[in-house]
Amino acid sequence: DAKTTQPPSMDCAEGRAANLPCNHSTISGNEYVYWYRQIHSQGPQYIIHGLKNNETNEMASLIITEDRKSSTLILPHATLRDTAVYYCIVRSQGAQKLVFGQGTRLTINP
Amino acid sequence: DTEVTQTPKHLVMGMTNKKSLKCEQHMGHRAMYWYKQKAKKPPELMFVYSYEKLSINESVPSRFSPECPNSSLLNLHLHALQPEDSALYLCASSSRAFTDTQYFGPGTRLTVL
């Protein structure tokens with residue numbers, strides 16, 4: 001699976017959009033981009049995933065660049081409860097396991 | 001409903017004890033996983049069960065023994081653990097082992113004295 005690079009930490013004001021970047025420059029054609037988050041001492045929570053097209057669900061939007069070498073997770077109106085570590089994971093079709101990187105620690109400030 | 005439950009929430013055990021962690025899902029998923037997460041580190045895969053058969057063992061020491069008695073239940077039997085095995089143990093499940101989204105339980109916080 002391709003390696004991902006994320007900033008170690010970010011801050012965002014409550015009510016603003018939080019934009020979390022992820023670089024995956026070695027991604028191949030059959031690899032999906034997954035996002036999970038982990039609130040302190042809880043299990044990881046699935047957020048969203050995509051292959052080529054942008055995706056949106058009730059939690060977030062995922063924007064994947066045309067060359068697929070990077071992506072951005074957008075939380076449109078961040079709340080204090082969105083404070084967590086966010087993991088960007090590249091996973092090939094058929095891969096049984098998720099390989100977590102170090103993630104981005106997002107802090108939402110009041 | 002994407003709920004995976006794990007019991008107990010917390011466990012403290014001595015190095016000579018035998019204990020078990022339990023994971024349950026009622027989503028009809030046919031793949032189940034154990035991950036281990038040390039403090040301030042990302043989760044790391046330990047085992048994968050697919051259709052109740054062990055399909056991946058990430059070279060985990062034999063003092064950790066997984067068991068999948070049926071498609072809804074996954075156990076992790078612990079014996080003769082070391083203090084460095086103290087960690088958050090996470091269970092996950094997915095519809096099938098390949099391609100499908102994994103959903104995680106809340107974890108069991110294990111402390112080995």
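All of the points below concern the structure found in this document. This is a predicted model, so every value here is computed, not measured.

## Here we look at the overall build of chain B
If you tally the helices and strands in chain B, you get zero helices and 11 strands. For chain B, the sequential pattern of α-helices and β-strands runs β-β-β-β-β-β-β-β-β-β-β. Taken over C-alpha atoms, the radius of gyration comes to 13 Å for chain B, in line with the 13 Å a tight globule of 113 residues would show. With the C-alpha coordinates aligned to their principal axes, the bounding extent of chain B is approximately 35 × 25 × 20 Å. When burial is assessed residue by residue, chain B has 47% of its 113 residues classed as buried. Long-range pairs, those at least 24 residues apart, make up 55% of the contacts in chain B with a sequence separation of at least 6. For chain B, the exposed area adds up to about 5,500 Å²; of that, 50% sits on carbon and sulfur atoms. Charge centroids of chain B, computed over 13 positive and 10 negative side chains, lie 6 Å from each other.

## Examining the state of the cysteines
Where two cysteines share a covalent bond between their sulfur atoms, that bond is called a disulfide. Tallied over the full model, the rule gives two disulfides over all chains. Between A:Cys22 and A:Cys88 runs a disulfide, and the two sulfur atoms are separated by 2.1 Å. The disulfide joining A:Cys22 to A:Cys88 has a torsion of about -80° about its S-S bond and is therefore left-handed. A residue pair is termed long-range when its members are at least 10 positions apart, and A:Cys22 in strand E2 (residues 18–23) and A:Cys88 in strand E8 (residues 84–92) qualify at 66 residues. Each member of the pair, A:Cys22 as well as A:Cys88, is classed as buried. B:Cys91 provides the cysteine sulfur closest to B:Cys68, a residue in no disulfide bond, and the two sulfurs are 9.2 Å apart.

## Here's the deal with the sheet that holds strand E6 (residues 61–64) of chain A
Residues and elements named next belong to chain A. Spatial strand order, E2-E7-E6-E5: four strands in an open sheet with antiparallel pairing. The open sheet has two free edges, formed respectively by E2 and strand E5 (55–56), since each of these has just one partner strand. Here E6 runs beside strand E7 (residues 70–75); their pairing, made up of four bridges, is antiparallel. Its bridge partner lying in E7, Ser61 is registered against Ile74.

## A short note on the interface of chain B and chain A
In this complex, chain B contributes 25 residues to the contact, which on the side of chain A involves 20 residues. Roughly 1,700 Å² is buried in total at the junction of chain B and chain A, and carbon and sulfur atoms are behind 52% of that figure. The interface formed by chain B and chain A includes one salt bridge. One salt bridge in this structure joins B:Glu58 and A:Lys97, with 2.8 Å as the shortest N-O distance.

What counts, and at which threshold
- What you see as residue numbers is a count from 1 along each chain, following the sequence as written.
- Each chain takes a letter, starting from A, and each ligand takes a number, starting from 1, following the order in which they are written.
- Where local features are concerned, this predicted model is filtered to residues with pLDDT of at least 70; where side-chain atom pairs are given and counted, the filter is 80 or more; whole-chain, interface and lining totals use all residues.
- Note that the side-chain values use all heavy atoms of the structure and ignore hydrogens as well as water.
- Elements are defined by DSSP. Helices are runs of H or I of four residues or more, strands are runs of E of two residues or more, and each kind is numbered from the N terminus.
- Using C-alpha atoms as the atom set, the radius of gyration is obtained and then compared with a globule rule of 2.2 Å times the number of residues to the power 0.38.
- Accessible area is worked out with a 1.4 Å probe on protein chains only. A residue is then buried under 20% of its type maximum, exposed over 50%, and partly exposed in between.
- By definition, residues are in contact when any of their heavy atoms lie within 4.5 Å.
- Here the open area of atoms and residues is found with the Shrake-Rupley method and a 1.4 Å probe, where only the protein chains shown may cover a residue.
- In this charge count, Lys and Arg are treated as positive and Asp and Glu as negative; neither His nor the chain ends contribute.
- In plain terms, the charge of a residue is placed at NZ if it is Lys, CZ if Arg, CG if Asp and CD if Glu.
- When two cysteine sulfur atoms are found within 2.5 Å, that pair is recorded as a disulfide.
- Paired strands, in this sense, are two strands between which DSSP finds at least two bridges.
- The term buried area means the drop in 1.4 Å probe accessible area that two parts suffer when joined, counted for both and summed.
- Criterion for a salt bridge: a side-chain nitrogen of Lys or Arg within 4 Å of a carboxyl oxygen of Asp or Glu.

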